[in-house]
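Residue-level listing of the chains:
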Amino acid sequence: MSADGTSSRRRIGVMFDRDREPEELAAFAKAVEASGADDLWVVEDLAWAGSIASAALALGATERLRVGIGIAPAPLRNPALLAMELATLARVFPGRLIAGIGHGAPPWMAQVGAETPHKLALLEETIGAVRSLLRGRTAHVEGRVVRIDGVRLVHPPAEAPPVVAGVVRPRSLELSGRAADGTVVAEGHGPQAVTAALEHIGKGRATATEPRPHELVVLTHLCVGDDPARITAATAPIVEEYADWLRVPPGEVFLAAGPATTAADRVRGLWDAGADTVVLRPVGDRPVEQVREVLAHLEDFQPSR
């Protein structure tokens, strides 16, 4: 079931990891498309690669993949300029873009002088302005942070792409339910955390000014292999990082790790908890091969072609 209570096809995405060199992106996107996955997701983390340029490369290299931006930090992106960039991609590649916006990591925002004491207001006002502009409306925003005086896109897309919020904490999840077309849940969250996130999202959706579908996208690390020691060694740094960031014990950090059948069961658990789309972030070598191995064991997944 999707977050709006209607049935939906279960989707699989694959992340182009930020540590991969940008010149690898086009070939990686083609390989992901050939695997039968639905989505390719690109990253915008400070000092790695820009998400708009990455999305354009991936869209241009493929024919049917939906490309997700996960995520553009609101403090770094003027909403009018972001809407212009997204509109260009959505016009040239209709129906193939999903745009994520988030708070941005505070230490990174501080590095470039973009930190704000009004994180929630900035994100909600940015999402609202971008959604409005992408729908061809004239934006008038006199917010706590965002100011837009009568801007209207000259070339809005015929089909506005979904604008989703990449958020973690309860108040931000409620904001996402209230303001966005979907929510991106970060790596490390298992089925129980997904269920809890949906509760917060539901509270926000109950106060939204307009009813709309809401897609829940859940990211998860993937590490396929039959050697438990190798799996443990490969994922230990990830577990340590996410336990610290999510403020949970290491044993509660969720991974789709182990033999392909086990990894597939972990993906299925996220779907059953309410995820519409599970985005796999392969760890180690053979990333696309790992994805293919998992897809082969997901009987309830119909590969896109």
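Residues numbered from 1 in each chain as written. Predicted model: local features only at pLDDT ≥ 70, side-chain atom pairs only at ≥ 80, totals over all residues. Heavy atoms only, no water.

Visitor: Is there a simple way to explain the overall build of the chain in this structure?
Guide: Broken down by element type, the chain carries 10 helices and 11 strands. The C-alpha atoms of the chain give a radius of gyration of 18 Å, which matches the 19 Å a tight globule of 305 residues would have. Taken over 305 residues, the chain has a buried fraction of 53%. Sequence-distant contacts in the chain: of pairs separated by 6 or more residues, those separated by 24 or more amount to 74%. Approximately 13500 Å² of the chain is accessible, and the part contributed by carbon and sulfur atoms is 54%. Charge-centre separation for the chain: the mean point of 32 positive side chains lies 5 Å from the mean point of 39 negative side chains. (Helix = DSSP H or I, 4+ residues; strand = E, 2+ residues; numbered from the N terminus. Rg over C-alpha atoms; globule rule 2.2 N^0.38 Å. Buried < 20%, exposed > 50% of the residue type's maximum accessible area, 1.4 Å probe, protein only. Contact = heavy atoms within 4.5 Å. Areas by Shrake-Rupley, 256 points an atom, 1.4 Å probe, with all protein chains shown as cover. Lys, Arg positive; Asp, Glu negative; His and termini not counted. Charge placed at Lys NZ, Arg CZ, Asp CG, Glu CD.)

Visitor: What exactly am I supposed to notice about the environment of T209 here?
Guide: Mapped onto the elements, T209 comes out in the loop between α7 (191-206) and β9 (215-224). By relative accessible area, T209 is classed as exposed at 80%. As a C-alpha pair, T209 and A179 span 30 residues in sequence and 8.5 Å in three-dimensional space.

Visitor: Teacher, can you tell me more about the pattern of salt bridges here?
Guide: Side-chain pairing between opposite charges can occur once the charged atoms of the two side chains come close. On inspection of all chains with the given rule, the structure shows 18 salt bridges. Among the salt bridges present, the one from R66 reaches E215, with a minimum N-O distance of 2.8 Å. Note that R66 is positioned in strand β3 (residues 66-73) and E215 in strand β9, a separation of 149 residues in sequence. Accessibility classification places R66 together with E215 in one group, the buried group. Taking the shortest distance from any N to any O, the salt bridge between D181 and R212 comes out at 3.7 Å. Of the two residues, D181 sits in the loop between α6 (170-179) and β8 (182-185) while R212 sits in the loop between α7 and β9, which places them 31 residues apart along the sequence. By the burial criterion, D181 is buried, and R212 matches it. Bridged by salt links that share partners, the residues R131, R135, D181, E210 and R212 form one connected network. (Salt bridge = Lys/Arg side-chain N within 4 Å of Asp/Glu carboxyl O.)

Visitor: Could you clarify how one ought to interpret helix α9 (residues 260-273) in this entry?
Guide: Since the α-helix advances by 3.6 residues per turn, residues separated by three or four positions end up pointing in the same direction. Spanning 14 residues, α9 covers 20 Å between terminal C-alpha atoms, matching the ideal 20 Å at 1.5 Å per step. All buried positions along α9 are accounted for by A260, A263, A264, V267, R268, L270, W271 and A273. Structurally, α9 contributes buried residues whose contacts are with β1 (11-15), α7, β9, β10 (256-258), β11 (277-282) and α10 (287-295). The positive-phi residue at the C-terminal boundary of α9 is G274, with phi of around 130°. (Expected span 1.5 Å × (residues − 1).)

Visitor: What is the right way to read the pairing of β1 from this model?
Guide: Side-chain direction in a regular strand flips from residue to residue, so the side chains alternate between the two faces of the sheet. Within β1, four of the five residues are buried, which leaves it mostly tucked inside the rest of the structure. By the bridge criterion, four bridges tie β1 to β11 in an arrangement that is parallel. Within β11, the residue paired with G13 across the bridge is V279. As paired strands, β1 and strand β2 (residues 39-42) are joined by three bridges and run parallel to one another. Among the inter-strand pairings, G13 is bridged to a residue of β2, identified as D39. Remark: the β1/helix α1 (residues 25-35)/β2 crossover connection has right-handed handedness. (Pairing = 2+ DSSP bridges. Right-handed = clockwise from strand over helix to strand, strands pointing away.)

Everything listed here is a matter of coordinates, which is why it stays silent on function.
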